[in-house]
Amino acid sequence: MLSNPFLVSWCGRTQLPSFARHGRARAPVPTLASATLTILALSASLSAAPVPKTTTPALHTVRMVQQSIPMPDGIHLSATLYMPGDAKAGEKFPALLEYLPYRKDDATAARDYPIHAWFAARGYVSVRVDIRGFGASEGTPTDREYSEQEQLDGEQVIAWLAAQPWSTGKVGMFGISWGGFNSIQLAMRHPPALKAILAVDATEQLFHDDVHYIDGMIHFDEFELNMDLAPSMTGAPDYSLDEKILGPRFESAPWSLMYFKHQRDGQFWHAPVKPLSEIKIPCFLIGGLLDGYRDSIPRMFEQVKAVKAIIGPWNHTFPNDAEPGPQIEWRDQALRWWDYWLMGRNTGIMVEPPLSIYMQDWHAPDPHLKTVPGKWRGEIGWPPRNVANTKLYLYDAHVLSTEPAKSAVHHLRYVPSVGVEAGFWWGELLTDQRPVDAYSLTYDSAPLKTDLTILGRPHALLQASSSAPQSDWFVRLSDVAPDGTVTQVTGAGLNGAQRESASEPKDLVPNQTYPLDIEMHLATWTFPVGHRIRLAVSNALWPMVWPTPYAMTTTLQLGGGTGSRLTLPLVPPSMYAAPQFAPPKPSEQRSDILSAGFPWPGDWKTERDELNGKTKVTWTGKSEETYPWGKETDFESITYLADDNHPETSSVQGEAEITMALKQQTLTWKGHITLTSDAQNFYYKYSRQLFKDGKPLRQKTWEETIPRDHQ
């Protein structure tokens, strides 16, 4: 076995210990000695346009209050209210809601405080609620993300907040990832008291965009692994073993099993969402150019009336804690948003250009890059003004040109293990792309005579065929420097069976040519003078996407005005003043919770057996959290296997272990998943275990054969 270590620095779906994708934890600064404190400074907000003078809100002390919110069926949801602690008798405040399954009393406690306390110190009651069946909330865990029950409960929570004696009756909703997803979804349901939302790193397209099927193709990462185990846990600080509490949670089915059964778009994926046009309230959106959910922002600009957005060069994280930077303070902008829509203050936020987006300059491929070079740009909406969609045609000599090419055919042998260097979703900082380009068809422009800047979603329009009935296509747009290094800019994939419909996939007719329009993910980039623009085309991007099962050769048809081509959204310099943002402000943190390590980025290693055509990618991640009542230790690992000679036999194995060392006992939850495939089926097995002081307490296993449905 030939070993080739490959470490990916991935801020990825940054998350909190025990939960994936939807939040961010970091080692807290030990400044908070109790649940009550005074926040000392109010961030000054900076904007591109003049801002009318407004009254600076007085800073309050902050008081944390635990509440139980009743649901119509008798279940109570657990809420932590971060309240202005020096409120006068009869004083009323708007409410801000963040609504998540991630346990607020342990897993997200350190992360929650600097966000919610910040808003509470500035005149809001900021509220963090655990979804039914998670953490301290009662009931059985929901059977999926964004369930009907979750949304019905959310409407009840909003109504409850609006009816409290301290409330003005106005509610805003916010969150990152899951909290952004359900903010958008609840806005679609029109609860009367919900007046505005702020969604960070979120999307409304669940099949195409979300973490289960990337670009409509099956995907497995740490989110599935951890969220199969997390619902079985009871709440802090006692982690009850009472059968009435533990039983329904431990016995709840792993979510991954259900997701693997829905391999095409349809009612299952659309049930939690309504059309974007259903949103009638204002939406503030924050996204990252390295985040997998960024494409929702252009769609919302086109379909929702009142939208403001900031898109930075970040991965899946809040902007004040972003890696890579530049980091900015976002809470001051959120405060201006909430003050305008919930308090009726003229903060000037709605007279500025609605879109602020970071225009990335070239940088060498570097997974450890701390700050992305570039500058901020303002736009009045979407699409940006003065976009010139420029066509570049693919030539037989593997070059790109603005003139249509002569007819030619290019062939590509399918290598299922191609793609490790291209990342694990469409965004994170990557290494040099030459290793994956070596197994792709590549097309380069001539060295540029002037800088070229793109803003938008490039398209690759391919005339393609396959010798097999099932094939995926992936396109990647890159910047080739004069020294030959290749920096990936953006890309996207298309399941060939979904070429006409993601809900009604159809086999390919072998060797029949199909027009494929692959819209790449939102990008900004300036290609400098002397650099070349590269388009790379492959049929695998593993382990991001599960390999298709058949050995094959694919072709690209070149030539003429309809031949394979690339369209780039080129833009001139902006006609608007560049937005200005404050750097992150210091945040008071909880000193009673200490963090060490973090699941992502973890450690990645790739091992290739070139003689036998087999490749293994291994990931491990771990973290520790120390609470007043004990210590939590998390360990996770995933092993991906691919065989270039037998693409049908791909597999993944994952393990997660969460240990709570308490004063009276040690509880350990373990989960193990195995997913293998052949040409016809996926073979799924998941086992969940609970140990008390090292001795087995209970165990359950789910095992099913799932037919492959054009995946």
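Scroll up to find the structure.
A short tour of the structure in this document, coming up. From a predicted model like this one, the values you see are computed outputs, not experimental measurements. (Residues numbered from 1 in each chain as written. Predicted model: local features only at pLDDT ≥ 70, side-chain atom pairs only at ≥ 80, totals over all residues. Heavy atoms only, no water.)

1. So, the overall build of the chain
Point 1. Check the secondary structure of the chain and you find ten helices and 36 strands.
Point 2. The C-alpha radius of gyration of the chain comes to 25 Å, within 12% of the 27 Å expected for a compact globule of 711 residues.
Point 3. Counting only C-alpha atoms, the chain reaches 80 × 65 × 40 Å along its principal axes.
Point 4. Here the chain holds 711 residues, and the buried ones make up 64% of them.
Point 5. In the chain, of all internal contacts separated by at least 6 residues, the share reaching a separation of at least 24 is 74%.
Point 6. Total accessible area on the chain is roughly 24800 Å²; 53% of this is exposed by carbon and sulfur atoms. (Helix = DSSP H or I, 4+ residues; strand = E, 2+ residues; numbered from the N terminus. Rg over C-alpha atoms; globule rule 2.2 N^0.38 Å. Buried < 20%, exposed > 50% of the residue type's maximum accessible area, 1.4 Å probe, protein only. Contact = heavy atoms within 4.5 Å. Areas by Shrake-Rupley, 256 points an atom, 1.4 Å probe, with all protein chains shown as cover.)

2. What about helix α8 (residues 296-303)?
Point 1. The element α8 is extensively covered by neighbouring structure, given that six of its eight residues are classed as buried.
Point 2. Taken together, the buried positions of α8 are occupied by Ser-296, Ile-297, Pro-298, Arg-299, Met-300 and Phe-301.
Point 3. For α8, the secondary structure elements touched by its buried residues are α3 (178-189), β12 (283-288), β13 (307-312) and β14 (355-360).

3. Notes on the nonpolar core
Nonpolar side chains in soluble globular proteins tend to end up buried together.
Point 1. Of all hydrophobic cores here, the largest spans 121 residues; its most connected members are Leu-97, Val-129, Leu-161, Trp-178, Ile-279 and Tyr-684.
Point 2. Every residue in contact with Leu-161, bar those within four places of it in the chain, is listed here: Ala-95, Leu-97, Val-127, Trp-166, Ser-167 and Val-171.
Point 3. With 34 residues, the next largest nonpolar core counts Ala-408, Leu-494, Val-537 and Leu-566 among its residues. (Core = buried A, V, L, I, M, F, W, Y, C linked by side-chain atoms within 4.5 Å.)

4. What to know about the side chain of Asp-609
Point 1. Within the secondary structure layout, Asp-609 lies in strand β30 (residues 594-609).
Point 2. For Asp-609, the side chain forms a polar contact with the side chain of Asn-612, separated by 2.9 Å. (Polar contact = N/O pair within 3.5 Å; in protein donor to acceptor, adjacent residues only side chain to side chain.)

5. A word on the packing of helix α2 (residues 148-163) against α3
Point 1. Between α2 and α3, the least distance of the axes is 10 Å, while the angle of their chain directions is 75 degrees. The pairing of α2 with α3 is recorded here as roughly perpendicular in orientation. Contacts between α2 and α3 involve Glu-148, Glu-150, Gln-151, Leu-152, Gly-154, Glu-155 and Ile-158 on the former and, on the latter, Trp-178, Asn-182, Gln-185, Leu-186 and Arg-189.
Point 2. Taken together, the residues of the contact of α2 with α3 break down into four nonpolar, four polar and four charged. (Axes fitted to C-alpha atoms, helices over the stretch in contact; angles between N-to-C directions. Parallel < 35°, antiparallel > 145°, perpendicular 65-115°, else oblique. Nonpolar A, V, L, I, M, F, W, Y, C, P; charged D, E, K, R; others polar.)

6. Comments concerning helix α1 (residues 109-120)
Point 1. For α1, which comprises twelve residues, the first-to-last C-alpha distance of 16 Å matches the rise-based estimate of 16 Å (1.5 Å per residue) to within 8%.
Point 2. Burial within α1 is extensive, with twelve of its twelve residues counted as buried.
Point 3. Taken residue by residue, α1 has Ala-109, Ala-110, Arg-111, Asp-112, Tyr-113, Pro-114, Ile-115, His-116, Ala-117, Trp-118, Phe-119 and Ala-120 as its buried positions. (Expected span 1.5 Å × (residues − 1).)

7. Quick word on the pairing of strand β5 (residues 76-84)
Point 1. With respect to burial, β5 is a largely interior element, eight of its nine residues being buried.
Point 2. Joining the antiparallel neighbours strand β4 (residues 61-70) and β5 is a turn of five residues, in which Gly-74 adopts a positive phi near 95 degrees. (Pairing = 2+ DSSP bridges.)

8. Some points on the sheet that holds strand β26 (residues 532-538)
Point 1. Pairing is antiparallel across the open sheet formed by four strands, whose spatial order is β19-β26-β22-β23. Each end of this open sheet is capped by a strand with a single partner; those strands are β19 (441-444) and β23 (486-495). When the angles between neighbouring strand axes are averaged without regard to direction, this sheet yields 15 degrees.
Point 2. Bridge analysis of strand β22 (residues 472-480) against β23 gives nine bridges, and the strand direction is antiparallel. The residue of β23 that forms the bridge with Asp-479 is Thr-487.

9. Some remarks on unusual backbone geometry
Point 1. Residue Pro-324 is reached from Glu-323 by a cis peptide bond, and omega for that bond is -5 degrees.
Point 2. The omega torsion of the bond from Gly-325 to Pro-326 falls at 15 degrees, within 30 degrees of zero and hence cis.
Point 3. By secondary structure assignment, the location of Pro-326 is in the loop between β13 and α9 (331-343).
Point 4. In this model, His-190 sits at a positive phi of 60 degrees, which is unusual for a non-glycine residue.
Point 5. Structurally, His-190 is set in the loop between α3 and β9 (194-200).

10. Some details on the packing of aromatic side chains
The geometry of an aromatic ring pair is captured by the separation of the ring centres together with the interplanar angle, meaning the angle of the planes.
Point 1. Counting across every chain of the model gives 32 aromatic pairs.
Point 2. Centroid distance Trp-118 to Phe-119: 5.7 Å. Interplanar angle 85 degrees. Geometry classified as edge-to-face. Like Phe-119, Trp-118 is buried.
Point 3. By way of ring pairs, the aromatic residues Tyr-102, Phe-134, Tyr-146, Trp-178, Phe-181, Trp-255, Tyr-293 and Trp-425 are connected into one cluster.
Point 4. Cation over ring: Arg-144 sits above Phe-268, and NZ or CZ is 4.0 Å from the ring centre.
Point 5. A cation sits over an aromatic face here: Lys-308 above Phe-284, 5.9 Å from the ring centre. (Phe/Tyr/Trp six-rings, centres within 6.5 Å; stacked < 30°, edge-to-face > 60°. Lys NZ or Arg CZ within 6 Å of the ring centre and 35° of its normal.)

11. Topic: the packing of α1 against α9
Point 1. Contact geometry for α1 and α9: axes closest at 11 Å, N-to-C directions at 40 degrees. Put simply, α1 runs oblique to α9. Note that α1 runs across α9; the crossing there is right-handed. In contact with Pro-114, Trp-118 and Phe-119 of α1, α9 contributes Arg-331, Asp-332, Ala-334, Leu-335 and Trp-338. (Left-handed = near helix turned anticlockwise from the far one by under 90°.)

12. Some points on the environment of Leu-429
Point 1. Tracing the backbone through its elements, the reader meets Leu-429 in the loop between β18 (408-413) and α10 (434-437).
Point 2. Leu-429 sits 57 residues away from Val-372 along the chain, and the two C-alpha atoms are 9.9 Å apart.

13. A short note on the environment of Ala-679
Point 1. In this structure, Ala-679 sits in the loop between β34 (666-677) and β35 (681-692).
Point 2. For Ala-679, a relative accessible area of 22% gives the class partly exposed.
Point 3. Put simply, Ala-679 and Gln-711 are 32 residues apart on the chain and 9.8 Å apart in space, counted from C-alpha to C-alpha.
Point 4. Dropping the residues within four chain positions of it, Ala-679 is found in contact with Pro-549, Tyr-550, Glu-648 and Arg-708.

14. Some points on the pairing of strand β8 (residues 167-176)
Point 1. When you tally the buried positions in β8, you get seven out of ten residues, the bulk of the element.
Point 2. Here strand β6 (residues 93-100) runs beside β8; their pairing, made up of four bridges, is parallel. Bridge pairing links Leu-96 to Gly-172 in β8.
Point 3. Sheet topology note: the β8/β9 ladder contains six bridges and is parallel. When the sheet's bridge partners are listed, Gly-172 is paired in β9 with Ala-196.

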